[in-house]
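Here is how the chains run, residue by residue.
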Amino acid sequence: MLDFSILTDHLDMYLEGFKITITASLIALVASLVIGILIAVIRIVPFKPLNALGAAYVEFIRNIPLLIIVFFFFLGLRLDGLMAGTIALSIYTSSFIAEAIRAGILSVPKGQMEAARSSGLSYVQTMRLIILPQAFKIVIPPLGNQFINLVKNSSILSVVAGLDLMYQGDLISSRTFVVFDVYIFVAIFYLLLTIPLSLGVGYLEKRLAKSN
Amino acid sequence: MIVFDEVNKFYGDFHVLKDINLTINKGEVVVVIGPSGSGKSTMLRCINRLETISDGSLTVNGISVGDKKTDINKLRRNIGMVFQHFHLYPHKTVLQNIMLAPMKVLGQSEAEAKKIAQKYLEKVGIANKANSYPSQLSGGQQQRVAIARGLAMNPEIMLFDEPTSALDPEMIGEVLDVMKALAHEGMTMVVVTHEMGFAREVADRIVFMDEGRILEEAIPAEFYANPREERARLFLSRILNH
Ligand SMILES: Nc1ncnc2c1ncn2[C@@H]1O[C@H](COP(=O)(O)OP(=O)(O)OP(=O)(O)O)[C@@H](O)[C@H]1O
Ligand SMILES: [Mg+2]
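Residues numbered from 1 in each chain as written. Chains lettered and ligands numbered in written order. Predicted model: local features only at pLDDT ≥ 70, side-chain atom pairs only at ≥ 80, totals over all residues. Heavy atoms only, no water.

Taking an unreviewed UniProt entry as the reference, chain B is identified by name as Amino acid ABC transporter ATP-binding protein belonging to Peribacillus asahii. In its Sequence similarities (unreviewed entry) section, the UniProt entry covering chain B states "Belongs to the ABC transporter superfamily." (UniProt positions renumbered as here; feature names shortened; annotations may be inferred.)

In the annotation of an unreviewed UniProt entry, chain A is listed under the name Amino acid ABC transporter permease and assigned to Peribacillus asahii. In UniProt, chain A has this text filed under Sequence similarities (unreviewed entry): "Belongs to the binding-protein-dependent transport system permease family."

The following block contains the structure:
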């Protein structure tokens, strides 16, 4: 049986870690979304040099281990663990989000762009009013997966003393010499975040499907 | 009003439009026909610069379409376009589809745009579908919305690229009726279509294209009764025996 005293005795540590994990995830979520949209747009605007720049960013970032990006900010730029981890997480996730959004934009039929442009709308107006809202629907499920990955990947903060849930788990475990139960509770806290996220994405997906 | 002067266009090595000379006057209805791949769509799409020309000159109301200094968005306000596959915006209602460009391009107020949208919806006979989404409409209804969407910008020119080719036979009539009414009102229209009834009734001229060239220009009665070009004759016999 699970030893619940592990949880109750160290509840403050668990909650502190939980709070940090939520904070880091939320910040990284917003930041990676903003960077991801930016990179996706850079990759599709009708201007080749920018396209290449965007492609280089994506290929470089998503093909190196997250930990190396963390170390770059932590050891290289000497930021504190929480800061380094959150920035690294944002950058790393943004490359996947950029790809998901780009794929979504490209999946909107060409005729939509032509119909909108031929009515006199500018490229930017067409993107904003016609293409992106349609791409958004297509992008919801892959985006949801990226956000779930992001929450789980935030455990990398523990490697650089980022004070997150995983880090607190490590601390509790080294204090109590208990391994199994400590991390079961850690896992439950992660599930508290990821399962609602997963359900939320499923719900959005259904609602958006209906409006079409 | 629309003048092609020695227009050529290439896709890489492929010569898709060859020495096109064509003048379309205000209020004229020109029907473009020809075999698949002959360049009809490409020629039509050059008029509002959905395709760029490689050589020659193309002007609309005296304004060069290809010129880098030409404000293409401004030029396009004046040219409505209707596509084979409608291309309505699926995430917007019928009314929103029609109101979008008048509000965003012409700067009309919402109330004003709505009034105009409703006027054109009535004109194309589907005022009762104003709040439906495109996916809830039949093909014929969708195409009529697309026409209303074009008209709401109050353009001088309307381009149609096979507007009835994707429709079930029983819906073709309702779309052609709208187009005929438009022609009778004096709209300048360039229509790619094989609908002979339409062409005979409202076209001022038939333009026959083959392999990127305009082979023949004639008034409909003449063209259908007695095409001068052998290829046109062949083409007609093929669509007639269909
Ligand atoms: N983007 C493109 N790149 C290369 N070739 C193209 C492109 N678009 C069209 N073509 C070619 O140009 C030729 C003319 O095409 P176009 O669509 O204008 O013909 P069309 O007369 O409208 O034919 P259809 O009756 O089938 O619509 C075709 O051979 C086509 O394969
Ligand atoms: Mg065509």
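**Student:** I would appreciate a short explanation of the pattern of salt bridges in the present structure.
**Tutor:** It is possible for side chains bearing opposite charge to pair when their charged atoms get close. Residue and element names in this part refer to chain A. What the rule picks out here adds up to 18 salt bridges over all chains. For K19, the salt bridge identified is with E16, shortest N-O distance 3.7 Å. Highlighted residues: K19 and E16, both in helix α2 (residues 11-44), separated by three residues, approximately one helical turn. Using a relative accessible area of 51% as the deciding quantity, one classes K19 as exposed. Residue class for E16 comes out partly exposed when judged on its relative accessible area of 33%. Among the salt bridges present, the one from R102 reaches E99, with a minimum N-O distance of 3.5 Å. Separated by three residues within a single helix, R102 and E99 lie in helix α5 (residues 81-106), roughly one turn from each other. In this structure R102 comes out as partly exposed when scored by relative accessible area, which is 22%. (Salt bridge = Lys/Arg side-chain N within 4 Å of Asp/Glu carboxyl O. Helix = DSSP H or I, 4+ residues; strand = E, 2+ residues; numbered from the N terminus. Buried < 20%, exposed > 50% of the residue type's maximum accessible area, 1.4 Å probe, protein only.)

**Student:** Where do I start with the packing of α2 of chain A against helix α3 (residues 48-62) of chain A in this structure?
**Tutor:** Residue and element names in this part refer to chain A. With their axes 6 Å apart at the nearest point, α2 and α3 run at an angle of 135° to one another. Taken together, α2 and α3 sit at an angle that is classed as oblique. By crossing handedness, the relation of α2 to α3 is classed as left-handed. Along the contact surface, α2 presents I35, I39, I42, R43 and I44, while α3 presents L50, N51, G54, A55, Y57 and V58. (Axes fitted to C-alpha atoms, helices over the stretch in contact; angles between N-to-C directions. Parallel < 35°, antiparallel > 145°, perpendicular 65-115°, else oblique. Left-handed = near helix turned anticlockwise from the far one by under 90°. Contact = heavy atoms within 4.5 Å.)

**Student:** Before we go on, may I ask you to explain the confidence of the model for chain A in this structure?
**Tutor:** Regions with low pLDDT should not have their predicted coordinates read in detail. Of the residues in chain A, 99% have a pLDDT of 70 or more, and the chain-wide mean is 94. Mean pLDDT across the elements of chain A ranges from a minimum in helix α9 (residues 180-210) of chain A, with 91, to a maximum in helix α6 (residues 110-118) of chain A, with 97. (pLDDT = per-residue confidence, 0-100.)

**Student:** Looking at this model, I keep getting lost on the interface of chain A and chain B. Mind explaining?
**Tutor:** One frequently used descriptor of interface size is the decrease in accessible area upon assembly of the parts. Taken together, the contact pairs 19 residues of chain A with 24 residues of chain B. Applying the counting rule to chain A against chain B returns five residue pairs in polar contact (both at pLDDT 80 or more). Among the secondary structure elements, those contributing two or more residues to the side of chain A that touches chain B are α6 and α7 (123-153) of chain A. A per-element tally of the side of chain A that touches chain B places α6 of chain A first, with seven residues. Looking at side-chain class alone, the side of chain A that touches chain B contains six nonpolar, ten polar and three charged residues. (Polar contact = N/O pair within 3.5 Å; in protein donor to acceptor, adjacent residues only side chain to side chain. Nonpolar A, V, L, I, M, F, W, Y, C, P; charged D, E, K, R; others polar.)

**Student:** How do you make sense of the site of ligand 1 when you look at a structure like this?
**Tutor:** Residue and element names in this part refer to chain B. All residues adjacent to ligand 1 are Y11, F14, V16, P35, S36, G37, S38, G39, K40, S41, T42 and E162. Taking Y11, its side chain carries an N or O atom lying 3.4 Å from a nitrogen atom of ligand 1. Within the side chain of S36, one N or O atom sits 2.6 Å away from an oxygen atom of ligand 1. Within the complex, 58% of the 630 Å² of free accessible area of ligand 1 lies under protein. Broken down by secondary-structure element, the contributors of at least two residues to the shell around ligand 1 are β2 (14-24) and α1 (40-47). Of all the elements, α1 adds the most residues to the shell around ligand 1, at three residues. (Near = heavy atom within 4 Å. Areas by Shrake-Rupley, 256 points an atom, 1.4 Å probe, with all protein chains shown as cover.)

**Student:** What should I look at first to understand the pairing of β2 of chain B in this one?
**Tutor:** Remark: a regular strand shows side chains that alternate across the two faces of the sheet. Residue and element names in this part refer to chain B. In the sheet, strand β1 (residues 2-11) pairs with β2 via seven bridges, with the strands oriented antiparallel. Bridge pairing in β2 links K9 to L17. If you look at the hairpin formed by β1 and β2, you'll find two residues sitting between the two strands, and G12 has a positive phi there, around 65°. (Pairing = 2+ DSSP bridges.)

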